[in-house]
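Structural characterization, general
Residue strings, one per chain:
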Amino acid sequence: MRTAKKMGIATVAVYSDADARAPHVLMADESVRLGPPPAGESYLLADLILLAAKETGADCIHPGYGFLSERESFARACADAGIAFVGPPPKAIAAMGDKIESKKLAKAAGVNVVPGFLGEIADTEEAVKIATDIGYPVMMKASAGGGGKGMRLAYSEQDVREGFEATKREGLASFGDDRVFIEKFIESPRHIEIQVMGDQHGNIVYLGERECSIQRRHQKVVEEAPSPFVTPTMRKSMGEQAVALARAVGYYSAGTVELIVSGADTTGEGFYFLEMNTRLQVEHPVTEAVTGLDLVELMIRVAAGEALPFVQDDVKLNGWAIENRVYAEDPYRGFLPSTGRLVRYQPPESVGTPYTPLSPSPSGEGLGWGRAADSADVALGETSPTPYPSPEGEGQEGEGDAYVRVDDGVREGGEVSIFYDPMIAKLITWAPTREEAIDEQIAALDAFEITGPGNNIDFLSALMQHPRFRSGNITTGFIAEEYPDGFHGAPASAELLRDLSAIAAFAATAEADRARRIDGQLGKRLRPPAQWSVKIGEATHVVDISTDGVTVDGDDLDIALEYTPGDRMVHAEIDDTELSVKIVRTRAGFRLTTRGAAHEARVLPAHVAPFAQHLIDKIPPDLSKFLLCPMPGLLMRLDVGVGDKVEAGQPLAVVEAMKMENILRAEKGGTVKAVNAKTGDSLAVDAVILEME
């Protein structure tokens with residue numbers, strides 16, 4: 001929508017009741033209500049969207065990232081209604097949207113494909129036989145799936161029996177198609193995708209690759225461009241195969257060819273076709289950052305019949321870009337989805353991607369790209385004399401100043417509902433080198449404020465700091481391999497704990513100074529303590545605050561910061577290093593959140609601290625006998641009843657949240673004493689489903 005406004009094109013937003021005050025609705029020139037929050041009663045109703053387009057006089061429809069963006073029937077309906085669909089032709093969507101048929105087409109086009117069974121699978125027994133013949137592990141995928149939904153990894157026959165029907169149900173619920181295919185799962189894989197762009201004149205180019213290997217439950221978490229694994233030779237081979245596939249199906253507009261790459265194969269030949277997404281990808285900003293191209297503008301102009309104003313040799317990669325997906329989920333509780341009101345939402349300061357202006361192709365047949373944003377009368381098809389400068393640099397190091405970009409669809413006071421994807425925002429950084437882009441991410445994540453639903457900011461920061469990620473030695477199993485026991489916060493160095501102790505003591509001094517200035521107090525006003533005992537975890541530091549400076553354990557600390565009681569964020573400069581810390585007052589001190597973890601700081605005057613050892617710790621209650629709902633969701637199935645005996649690991653219930661089915665298992669053996677919920681109930685987080693004895 002921002003791109004359309006930049007091009008001088010009036011916009012119309014459609015929305016459900018859940019999104020009535022969403023930013024895209026407020027940004028649009030006009031808006032049309034579709035219906036209630038469930039997608040099946042609003043965003044998936046193609047007739048209502050087409051009616052909204054006709055009533056507002058819209059010339060084209062951009063389908064965005066999901067819902068109808070890969071529905072061949074919707075693209076065809078747009079064509080029948082005389083409305084341009086900003087995307088590929090219906091036949092290309094149909095060819096690539098079916099994951100089974102697309103693999104057959106890819107193989108015919110000379111693209112490497114993963115071994116597997118591409119026919120229709122009748123039932124679970126046939127699925128077990130096919131999986132056994134292919135050899136475990138295997139991946140079960142909904143034929144029309146995408147976005148990490150409708151996918152199950154099976155290491156054994158039991159996994160197939162438990163997951164096949166669930167995969168079919170998720171495919172039917174999310175995509176209206178319950179067909180499932182099975183293919184060999186490549187262990188230690190990397191997920192790399194090629195961005196292609198074509199026009200209606202037969203021109204197709206590839207715009208480099210994106211590495212999307214950092215995933216959780218097959219949902220992308222971190223994306224970057226270029227990939228630290230891909231060589232120029234490998235990039236060319238991948239890109240040419242992607243273009244060949246796109247050409248084979250008559251493709252135009254933006255599309256992404258997803259590949260699974262063997263990280264153990266350094267020859268550059270071990271890559272295989274996964275699927276083609278016939279839409280704009282969520283992670284497209286990293287490609288925009290390294291190419292300087294506005295992919296949405298390209299899509300709009302291609303839909304208007306214009307030719308690409310550049311050829312493959314014009315495409316250069318400049319610098320490095322990384323995108324982190326900020327989700328409403330709780331990484332400290334197994335990444336369970338979270339919902340609720342965004343009580344506070346303050347993203348870091350950001351700018352838009354500095355796009356390269358586009359001009360006619362050298363042949364003169366290309367049409368005018370790059371007109372001024374304030375040209376309200378811009379018409380698609382006009383020419384422009386602006387020269388087309390190719391992006392500078394190639395691959396490892398680029399030119400320009402680092403920047404931060406935030407793409408979001410929420411605002412403070414808005415709500416993350418149970419009806420849609422839990423993504424809150426996309427945080428993109430660009431810098432000349434990969435290491436600098438990563439460091440920009442860490443600083444931006446520290447400055448990102450979200451209060452309300454749980455979020456994964458700490459986890460993203462931990463990923464950015466992880467030595468293995470920074471080395472580039474990553475696979476799609478990275479999260480499972482590096483966090484086998486779950487996420488408990490990024491480890492803090494001794495230097496960081498020292499710095500946080502100084503910040504906590506400084507804040508405590510400010511709080512004490514304000515407290516002493518309150519009118520009406522008995523006796524004389526006491527000066528704030530000059531010496532504090534700060535305990536964070538197992539570390540205790542003695543901090544002296546005076547007009548001469550700050551010392552920690554007797555050592556001078558070069559620190560500059562400001563804090564006023566009530567501040568939510570502290571920006572400090574310590575030994576020439578900047579540090580942003582979210583700060584919340586607690587009963588015994590402060591909660592300090594930075595560098596991927598929240599730290600509870602107990603702050604006491606130094607002369608009081610020794611007495612803290614006499615305080616009695618509160619013992620938390622034993623909740624192990626209860627099966628608690630780990631997230632807000634719908635109870636789809638209850639597998640046991642009162643009096644049933646259960647074993648550890650046995651499935652007890654299935655809860656659906658964010659269109660994903662979650663199997664809840666018994667942590668230990670026992671007998672069901674009471675059942676507190678029934679199938680079809682909407683459950684809150686920590687609601688008691690059943691009690692064991």
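The notes below deal with the structure included here. Just so it is clear, the model here is predicted, and its values are computed rather than measured.

Parameters and conventions
Residues numbered from 1 in each chain as written. Predicted model: local features only at pLDDT ≥ 70, side-chain atom pairs only at ≥ 80, totals over all residues. Heavy atoms only, no water. Helix = DSSP H or I, 4+ residues; strand = E, 2+ residues; numbered from the N terminus. Rg over C-alpha atoms; globule rule 2.2 N^0.38 Å. Contact = heavy atoms within 4.5 Å. Areas by Shrake-Rupley, 256 points an atom, 1.4 Å probe, with all protein chains shown as cover. Lys, Arg positive; Asp, Glu negative; His and termini not counted. Charge placed at Lys NZ, Arg CZ, Asp CG, Glu CD. Phe/Tyr/Trp six-rings, centres within 6.5 Å; stacked < 30°, edge-to-face > 60°. Buried < 20%, exposed > 50% of the residue type's maximum accessible area, 1.4 Å probe, protein only. Pairing = 2+ DSSP bridges. Polar contact = N/O pair within 3.5 Å; in protein donor to acceptor, adjacent residues only side chain to side chain. 1 Å grid on protein atoms, 1.4 Å probe; cavity = no way out; pocket = protein on both sides within 12 Å on 5 of 7 lines; lining within 4 Å. Points joined across faces, edges and corners; volume = space filled by probe spheres on them. Nonpolar A, V, L, I, M, F, W, Y, C, P; charged D, E, K, R; others polar. Patch = residues over 30% accessible without salt bridge, like charges linked within 9 Å, V, L, I, M, F, W, Y side chains within 5 Å. Salt bridge = Lys/Arg side-chain N within 4 Å of Asp/Glu carboxyl O.

So, about the overall build of the protein. Helices and strands together make up the secondary structure of the protein, namely 16 helices and 39 strands. Taking 2.2 N^0.38 as the reference for a compact globule, 693 residues should give roughly 26 Å; the C-alpha atoms of the protein span a radius of gyration of 28 Å, in line with that estimate. If you line up the protein on its principal axes, its C-alpha atoms span 85 × 70 × 55 Å. Within the protein, counting contacts between residues at least 6 apart in sequence, those at least 24 apart form 66% of the total. Just so you have it, the protein exposes about 30,800 Å², and 51% of that area is on carbon and sulfur atoms. Counting 68 positive and 104 negative side-chain charges, the protein places the centres of these two groups 5 Å from one another.

The next point concerns the packing of aromatic side chains. A full pass over the atoms with the stated rule returns 13 aromatic pairs. Seen from their ring centres, tyrosine 43 and phenylalanine 67 are 5.1 Å apart, and the 20° between their planes marks the pair as stacked. On the criterion of sequence distance, the pair formed by tyrosine 43 in the loop between strand S2 (30–35) and helix H3 (46–56) and phenylalanine 67 in the loop between strand S3 (60–61) and helix H4 (72–80) is long-range, its members being 24 residues apart. What makes tyrosine 43 buried here is its relative accessible area of 10%. Among the residues examined, phenylalanine 67 registers a relative accessible area of 36% and is labelled partly exposed.

Moving on to the sheet that holds strand S25 (residues 549–552). Pairing is antiparallel across the open sheet formed by nine strands, whose spatial order is S26-S25-S24-S23-S31-S30-S29-S28-S27. Lying at the two open borders of the sheet, with one neighbouring strand each, are strand S26 (555–557) and strand S27 (559–560). When S25 meets S26, the two strands line up antiparallel, connected through three bridges. The partner of valine 550 across the bridge, within S26, is leucine 557.

The next thing to look at is helix H11 (residues 295–303). Of all the nine residues making up H11, eight are buried; the element is thus mostly covered by neighbouring parts of the structure. Among the structural elements, helix H1 (2–6), strand S9 (189–198), strand S10 (204–216), strand S12 (253–262) and helix H10 (284–291) are those in contact with the buried residues of H11. Sitting at the amino-terminal end of H11 is aspartate 294, which places a side-chain oxygen 3.1 Å from the backbone nitrogen of valine 296. Positive backbone phi, at 95°, marks glycine 305, one or two positions downstream of H11.

Taken as a whole, the second largest pocket spans an internal volume of roughly 630 Å³. As for the second largest pocket, its lining consists of 26 residues, of which Ile450, Thr451, Lys582, Val584 and Thr593 are closest to the centre. Taken together, the elements giving at least two residues each to the lining of the second largest pocket come down to strand S22 (449–451), helix H13 (457–465), strand S29 (577–585) and strand S30 (589–594). With four residues, the top contributor of residues to the lining of the second largest pocket is S29. Residue composition of the lining of the second largest pocket, grouped by class: eleven nonpolar, five polar and ten charged.

Together, Leu45, Leu48 and Leu51 make up a nonpolar patch on the protein surface, roughly 210 Å² of accessible area in all. Residue class for leucine 48 comes out partly exposed when judged on its relative accessible area of 32%.

Here we take up the pairing of strand S23 (residues 531–536). Note: S23 against strand S24 (residues 539–546), six bridges, orientation antiparallel. Along S24, the bridge assignment pairs tryptophan 532 with valine 543. Connecting the antiparallel pair S23 and S24 is a turn made up of two residues, with glycine 537 showing a positive phi of about 65°. In this structure, S23 lies alongside strand S31 (residues 597–605), joined through five bridges in antiparallel fashion. When the bridges of S31 are listed, tryptophan 532 appears paired with proline 605.

Counted residue by residue, S10 has 13 buried out of 13 residues, so it is predominantly covered. With six bridges connecting them, S9 and S10 associate as antiparallel partners. When the bridges of S10 are listed, valine 196 appears paired with tyrosine 206. The hairpin formed by S9 and S10 contains five residues between the paired strands, and glycine 202 there has a positive phi angle of roughly 90°. With four bridges joining them, S10 and strand S11 (residues 219–225) adopt antiparallel strand pairing. What sits directly across from glutamine 215, in S11, is lysine 220. Counting the residues between successive antiparallel strands, the hairpin from S10 to S11 contains two residues, one of them, arginine 217, with a positive phi of roughly 55°.

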